[in-house]
Each structure stands twice: as C-alpha cells, then as structure tokens.
Amino acid sequence: MYRKELYAFEGDKPIPVVIRNYQIEDFPRLIQIQQECFPPPFPSELWWNEMQLKNHVTLFPEGALCVEVDGKLAGSMTSLLVDFDPNHPDHSWEVITDNGYIRNHKQSGNTLYVVDISVRPKYRKLGLGKWLMFSMYDVVVHKGLTRLLGGGRMPGYHKVAKELSPEQYLDAVVSGTMKDPVITFLLRCGRTPVKVVPNYLDDEESRNNGVLLEWKNPFIWNEFKK
Ligand SMILES: CC(C)(COP(=O)(O)OP(=O)(O)OC[C@H]1O[C@@H](n2cnc3c(N)ncnc32)[C@H](O)[C@@H]1OP(=O)(O)O)[C@@H](O)C(=O)NCCC(=O)NCCS
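To start, this report covers the structure provided alongside it. Predicted model only: the values in this text are computed from it and were never measured.

On to the pattern of salt bridges, then. This model, assessed by the stated rule, comprises 13 salt bridges. In this structure, Glu205 and Arg153 form a salt bridge, with 3.1 Å as the shortest nitrogen-oxygen distance. Of this pair, Glu205 sits in the loop between strand S7 (192-197) and strand S8 (210-216) while Arg153 sits in the loop between strand S6 (147-152) and helix H5 (166-175), and the two are 52 residues apart along the sequence. A residue is classified by how much of its surface remains accessible, and Arg153, at 17% relative accessible area, is buried.

Below you can see the structure in the form of structure tokens.
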C-alpha cells in the first residue's frame, strides 16, 4: 500500500499533507468531494456511488489514492489498468472505465488509465492535484507500466466553440495563447497530448470532447521509438 508524507505550500506557509490509498471509511467524504468538484451542468449521475468506490478499492486498490490536509480529505484520484494500443487510440470514458465501475480492470494491462482526479475547491492551487498525479507516476514506475493515460475534459472550450474546432482550441492551449482549467493543469503536471477524442464524455462545457494526454514511463523510453 502507498503512503507519502510531504508539505504543500499555501503561499510561503508549509502545510502537512498525506497521500495514501483510500478505503471504505473514506467513501462518504469522497462522494461529497465529487459533488463539490462537478457542479451542474455536469451530470450528477457521473458522481461516484458506493458500488463504484467499492470496486476501486477491491479490484485495483493501488489505483485508488486520496490526499489529506491536516487529517481532512481534500481530493482523490482513481485509475485502472488497461491494454492501450496507440494505433487505435479513440475510446469513450464510459467504455474504457466501465462507466467508473472498472470491472474491465486488467491486472496485466500495460497502461495506467485515469478514471478521475478531483480536488475540493477550497484546497485548490496548493499543488495537491499535481502531487496526486506524481503519485500515480510512482505507481506506473513501481509496476513497470508503459504509460499513464487519461482523457482530460476541456471545460473552457464552450466559450470559443463557435470560432474554434476542438483541435484548434487544444493547439491554442498548448501554445500558451489560451488557458483551460483542466488541460493547462494536466500540461503543468507533465502530461503530453495524444489527440482530441470526440464523444469522450457527456460534458456540455467540453462539448463532449476529451483530450487524451499521456505520461510515458521514462525508464522504458526506448519502447516508444519502435
Ligand atoms: C483540475 C484540478 C484537479 C486541479 O487541482 P489543483 O490541486 O488545484 O491543482 P494544482 O494546485 O496541483 O496545480 C498544478 C498546476 O496546474 C496549474 N493549474 C491548476 N488549476 C488550474 C487552472 N484552473 N487553470 C490553469 N492552470 C491551473 C497550477 O497553476 C499549477 O501549476 P504549477 O505547478 O506550474 O504552479 C481541480 O481544479 C479540480 O478538481 N477540478 C474539478 C474536477 C475536474 O475537472 N477534474 C479533471 C477531470 S478530467
């Protein structure tokens, strides 16, 4: 099981943080965090339910991480293992995560796939999301996986959807002329874009698009030259 102790910084003030695997006792708080993190128009059916969380902690407990600040839950991140074929990258969130139930988790899979990351609004911009991401990178390296992969929402896209295609919007975010609350965060965490996937998720703000972004295991970079 995973446990990491560190200090995050609120301005100049260090605050103690623990990253650890989440467990049954954490479920009510985790569901509350989802409600705070995905307010309408995001569909409430996509918030965690107890059955999904139970599957996370039983099928792939190593992929179920949460972050605590002063003993209080501040966020979580969940993943499963899949076999990813870069020659056939398109998929929906619903299919690849089994709608968040992860019953398709494959213990021998080559890719750590992110189901969700969320940090409570009052704990944002403290670096906690980044620490959760780095902790999942630890899991990738520890298990000798090829990559971490996930589809990021692009919630800023609806503001410019009339003028730009999703690909043009992604280019603008990657070139730094625009910022997106999720894609910019993922870039700052060290993820690199693979492609835009249409109909990735039922998400009005992103116009249902997702951006696949990966983090390749730096210890097996030779694999990627093939
Ligand atoms: C996305 C989310 C997890 C970020 O969590 P966070 O703890 O606030 O992020 P961090 O403080 O670790 O930020 C890491 C980096 O991303 C940047 N960043 C974070 N939020 C950002 C935003 N809204 N816009 C632009 N950059 C952002 C930070 O400036 C920081 O950059 P730095 O390390 O170079 O200083 C959080 O905003 C969230 O829970 N959002 C709602 C749920 C969601 O949409 N999840 C993603 C589903 S695909």
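Looking now at the site of the ligand. Close to the ligand lie 21 residues, the nearest being Val119, Lys125, Gly127, Lys130 and Arg188. With respect to the ligand, the backbone of Val119 contributes an N or O atom lying 2.8 Å from an oxygen atom. Backbone polar atom of Lys125 to an oxygen atom of the ligand: 2.8 Å apart, as the coordinates give it. Notes on the ligand: free accessible area 930 Å², of which the protein chains cover 80%. If you map the ligand onto the pockets, it falls in the largest pocket. Of all the elements in the fold, those that place two or more residues in the shell around the ligand are strand S5 (111-119), helix H4 (128-142), S6 and helix H6 (183-188). Of the residues contributing to the shell around the ligand, the split by class is nine nonpolar, six polar and six charged.

Looking now at the nonpolar core. Nonpolar side chains tend toward joint burial in soluble globular proteins. Formed by 68 residues in total, the largest nonpolar core has its most connected members in Val17, Tyr22, Leu112, Tyr113, Leu128 and Leu148. Ignoring any residue separated from it by four or fewer positions in sequence, one finds Val17 in contact with Lys4, Glu5, Leu6, Ala8, Val67, Glu68, Val69 and Leu128.

Quantified by volume, the largest pocket comes out at close to 1200 Å³. In terms of lining, the largest pocket is formed by 45 residues, of which the most central are Ile117, Arg124, Pro181, Val182 and Phe185. Considering only residue class, the lining of the largest pocket consists of 25 nonpolar, eight polar and 12 charged.

So, about the state of the cysteines. Scanning the model with the defined rule gives zero disulfides in all. Between Cys66, a cysteine without a disulfide, and Cys37, which holds the nearest cysteine sulfur, the sulfur-to-sulfur distance is 13 Å. With no disulfide partner, Cys189 has as its closest neighbouring cysteine sulfur the one in Cys37, 14 Å distant. Looking at Cys189, the relative accessible area reads 2%, which means it is buried.

About the cut-offs
- Residues numbered from 1 in each chain as written.
- Predicted model: local features only at pLDDT ≥ 70, side-chain atom pairs only at ≥ 80, totals over all residues.
- Heavy atoms only, no water.
- Salt bridge = Lys/Arg side-chain N within 4 Å of Asp/Glu carboxyl O.
- Helix = DSSP H or I, 4+ residues; strand = E, 2+ residues; numbered from the N terminus.
- Buried < 20%, exposed > 50% of the residue type's maximum accessible area, 1.4 Å probe, protein only.
- Near = heavy atom within 4 Å.
- Polar contact = N/O pair within 3.5 Å; in protein donor to acceptor, adjacent residues only side chain to side chain.
- Areas by Shrake-Rupley, 256 points an atom, 1.4 Å probe, with all protein chains shown as cover.
- 1 Å grid on protein atoms, 1.4 Å probe; cavity = no way out; pocket = protein on both sides within 12 Å on 5 of 7 lines; lining within 4 Å.
- Sits in = over half its atoms within 2 Å of the grid points.
- Nonpolar A, V, L, I, M, F, W, Y, C, P; charged D, E, K, R; others polar.
- Core = buried A, V, L, I, M, F, W, Y, C linked by side-chain atoms within 4.5 Å.
- Contact = heavy atoms within 4.5 Å.
- Points joined across faces, edges and corners; volume = space filled by probe spheres on them.
- Disulfide = S-S within 2.5 Å.

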